[in-house]
Amino acid sequence: PSSVPAAIALKPGVQWFQQRDGHWILGDPIGQHHLQVSPGDRAIIQLIGQVPLGEIPQRCQCDRDQLRQLLTLLAQAHMLDGVDPPKPPAKRFTPFKLLYFKKSLINPDPWLSRHVDKLRWLWSRPASLFLFGGLSLTGVFAIAHYLDAVVWGQALVQTYGWSLFLPFGLLAMAVVSLHELAHAFTLKHFGGVVSDMGLLFMCLMPAAYTNSSDSYRVNQWQRCLVIGAGVICQIIIAAIAFWLWFITANSASLHTGAYLLMVAALFTVALNLNPLARFDGYYLLSAATGINNLKGRSFKLYAAWLTRHPSAEFGRDRWILAAYAPLSFLYLILVFGKLFLWLASAILTHIPYLALVLLVLWLIYYYYPEKLPGER
């Protein structure tokens, strides 16, 4: 807002959740929006609606600009009672949006609430012990038959070639969908709210996603379980697929399907556990260390050191952030460096075809309407 309103208050039911690193999370009653603030900002926000806004800067020793910024953040996060959140500026469609975008489909929370009681035994101690024993036994057998699996996979590729891509992709999407349900049910089991599920498109490849941001309201161990539940689900799928492959005859279609399912599950596990990209591995590391916004804070730490400004990080967190930033930077260089080399090779090899593609993209960029159909 350009000016501070005379009377304003937080929405009823908003909740505070303290984080291990000293920050606080303010969550709305239905678990859709969360805002992380410092202890000083929390002291300011707690006075909103309790005292006149004009007295807050004097009580908290802050200036009016800081108060305006907090009010803007609260409005954007739908935390203020009777205040409509500001409309985001209309974004022009560009071809680069096709590389990554989300499509929200449903609010699954009512459905999850109806069915979570039927599955609570999955988080019991006996079920955990049984799962640990079963996966350990599967791991021993899988290592013993590792070479057999590799040889079978090589023979499968030589026989079917690129025709395997479609069934492998469909199985990978099914695995990821179950992975997201595992996140959702685990968060629901611990009392959280799952407000949104939908489709995520990365380089036009579809996958499911779950909004599990309400995991901030549970404790650190439970949050690790919420994030790790998806990976555990994938490992269970891989274990079941391994045994189906192991006990069926080589000529059976189930043998081939089970092998593809096992590889799809293990491939998505390896992709998900990368802590240097914003997949489950990153959020699991963030939850385990108790450092929210791990990547952003790690680079801010180096920015503070380079500009010789004081840093708010201290103790163990500082060393974790100091180690994460260079690793993340090297990862970005490797990924984009490889992408650049591939693009350069493709341009040199197929210049006429790429020139046509670039021309089409340029025409889309300059002549496409300002808004997509249905976009608000």
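Residues numbered from 1 in each chain as written. Predicted model: local features only at pLDDT ≥ 70, side-chain atom pairs only at ≥ 80, totals over all residues. Heavy atoms only, no water.

Visitor: For this particular structure, what's the right way to read the packing of helix H7 (residues 165-189) against helix H8 (residues 220-247)?
Guide: The packing of two helices is summarised by the inter-axis angle and the distance between the axes. Close contact between H7 and H8 brings their axes to 8 Å; oriented N to C, the two are set at 140°. Taken together, the axis directions place H7 and H8 in an arrangement best described as oblique. Note on packing geometry: the crossing formed by H7 with H8 is right-handed. Contacts between H7 and H8 involve Val175, Leu178, His179, Ala182, His183, Thr186 and Leu187 from the former and Leu225, Val226, Ile227, Ala229, Gly230, Val231, Cys233, Gln234 and Ile237 from the latter. Tallied by class, residues from the contact of H7 with H8 come to 11 nonpolar, five polar and no charged. (Axes fitted to C-alpha atoms, helices over the stretch in contact; angles between N-to-C directions. Helix = DSSP H or I, 4+ residues; strand = E, 2+ residues; numbered from the N terminus. Parallel < 35°, antiparallel > 145°, perpendicular 65-115°, else oblique. Left-handed = near helix turned anticlockwise from the far one by under 90°. Contact = heavy atoms within 4.5 Å. Nonpolar A, V, L, I, M, F, W, Y, C, P; charged D, E, K, R; others polar.)

Visitor: What am I meant to see in the pattern of salt bridges here?
Guide: Think of it this way: side chains of opposite charge can pair up when their charged atoms draw near. One pass over the structure, following the stated rule, counts six salt bridges. For the salt bridge of Arg59 with Glu55, the shortest nitrogen-to-oxygen distance reads 3.8 Å. According to the relative accessible area criterion, Arg59 is exposed, its value standing at 53%. The exposure class of Glu55 is partly exposed, given its relative accessible area of 36%. Here Arg297 makes a salt bridge to Glu313, at a shortest N to O gap of 2.9 Å. Of this pair, Arg297 sits in helix H11 (residues 294-306) while Glu313 sits in the loop between H11 and helix H12 (315-349); the two residues are 16 residues apart in sequence, bridging distant segments of the chain. (Salt bridge = Lys/Arg side-chain N within 4 Å of Asp/Glu carboxyl O. Buried < 20%, exposed > 50% of the residue type's maximum accessible area, 1.4 Å probe, protein only.)

Visitor: I would appreciate a short explanation of unusual backbone geometry in the present structure.
Guide: Glycine aside, residues mostly have negative phi angles, and peptide bonds mostly take the trans form. Positive phi, close to 55°, is recorded for Asn293, a residue that is not glycine. Assignment of secondary structure puts Asn293 in the loop between helix H10 (280-289) and H11. Look at Arg308: it is not a glycine, yet its phi comes out positive at around 60°. Looking at the element boundaries, Arg308 is found in the loop between H11 and H12.

Visitor: Quick question: what am I supposed to make of the nonpolar core here?
Guide: A general feature of soluble globular proteins is that nonpolar side chains tend to end up buried together. Counting 23 residues, the largest nonpolar core has Ile45, Ile48, Ile56, Leu74 and Leu80 as the members making the most contacts within it. Where this core is concerned, the elements lending two or more residues are strand E2 (24-27), strand E3 (34-37), helix H1 (39-47) and helix H3 (64-76). Looking at which element gives the most residues to this core, the answer is H3, with five residues. Once you skip the residues sitting within four places of it in the chain, Leu74 turns out to touch Leu10, Leu26, Leu35, Ile45, Ile48, Met79 and Leu80. If you look at the next biggest cluster of nonpolar residues, it comprises 11 residues, including Ala149, Leu156, Phe242 and Met262. (Core = buried A, V, L, I, M, F, W, Y, C linked by side-chain atoms within 4.5 Å.)

Visitor: What should I look at first to understand the packing of aromatic side chains in this one?
Guide: The geometry of an aromatic ring pair is captured by the separation of the ring centres together with the interplanar angle, meaning the angle of the planes. One pass over the structure, following the stated rule, counts 13 aromatic pairs. Ring centres 5.8 Å apart and planes at 20° place the aromatic pair Phe242 and Phe246 in the stacked group. With Phe242 and Phe246 both in helix H8 and four residues apart, the pair spans about one turn of that helix. By relative accessible area, Phe246 is classed as partly exposed at 32%. Pairwise contacts between aromatic rings join Phe141, Phe242, Trp243, Trp245, Phe246 and Tyr259 into one cluster. Here the basic side chain of Arg42 rests over the ring of Trp16, its NZ or CZ set 5.0 Å away from the ring centre. Looking at Arg42, its charged tip hangs above the ring of Trp24, at a distance of 3.6 Å from the centre. (Phe/Tyr/Trp six-rings, centres within 6.5 Å; stacked < 30°, edge-to-face > 60°. Lys NZ or Arg CZ within 6 Å of the ring centre and 35° of its normal.)

Visitor: Even after reading the chapter, I still don't get the environment of Pro52, so can you show me in this structure?
Guide: With respect to the helices and strands, the residue Pro52 is situated in the loop between H1 and helix H2 (56-60). A sequence separation of 44 residues divides Pro52 from Ile8, and the C-alpha atoms of the two residues are 8.7 Å apart.

Visitor: Mind showing me how you'd approach the layout of surface pockets here?
Guide: To find the voids left in a structure, one rolls a probe of water-molecule size over its atoms. The space that makes up the second largest pocket amounts to roughly 930 Å³. Here the lining of the second largest pocket is built from residues that sort into 21 nonpolar, four polar and no charged. (1 Å grid on protein atoms, 1.4 Å probe; cavity = no way out; pocket = protein on both sides within 12 Å on 5 of 7 lines; lining within 4 Å. Points joined across faces, edges and corners; volume = space filled by probe spheres on them.)

Visitor: Can you walk me through a nonpolar patch on the surface in this structure?
Guide: Together, Leu137, Val140, Phe141, Ile240, Leu244, Phe246, Ile247 and Leu254 make up a nonpolar patch on the protein surface, roughly 710 Å² of accessible area in all. Every element with two or more residues in the nonpolar patch is listed here: helix H5 (125-144) and H8. Examining the composition of the nonpolar patch, we find that four residues originate from one element, H8, more than from any other. (Patch = residues over 30% accessible without salt bridge, like charges linked within 9 Å, V, L, I, M, F, W, Y side chains within 5 Å. Areas by Shrake-Rupley, 256 points an atom, 1.4 Å probe, with all protein chains shown as cover.)

Visitor: Where do I start with the pairing of strand E1 (residues 15-18) in this structure?
Guide: Residues in a regular strand point their side chains to alternate faces of the sheet. Relative to E2, E1 is paired through four bridges, and the arrangement is antiparallel. Each bridged residue has a counterpart across the sheet, and for Gln18 the counterpart in E2 is Trp24. Where E1 folds back on E2, the antiparallel hairpin that results is connected by five residues, among which Gly22 adopts a positive phi of roughly 100°. (Pairing = 2+ DSSP bridges.)

Visitor: For this particular structure, what's the right way to read the sheet that holds E2?
Guide: Reading across the sheet, the three strands line up as E1-E2-E3 and stay open at both edges, with antiparallel pairing between neighbours. At either end of the open sheet lies a strand with only one pairing partner, and these are E1 and E3. For this sheet the average axis-to-axis angle between neighbouring strands, irrespective of direction, equals 25°. Across the sheet, H1 lies against E1, E2 and E3, angled at about 120° from E3, the strand it touches most.

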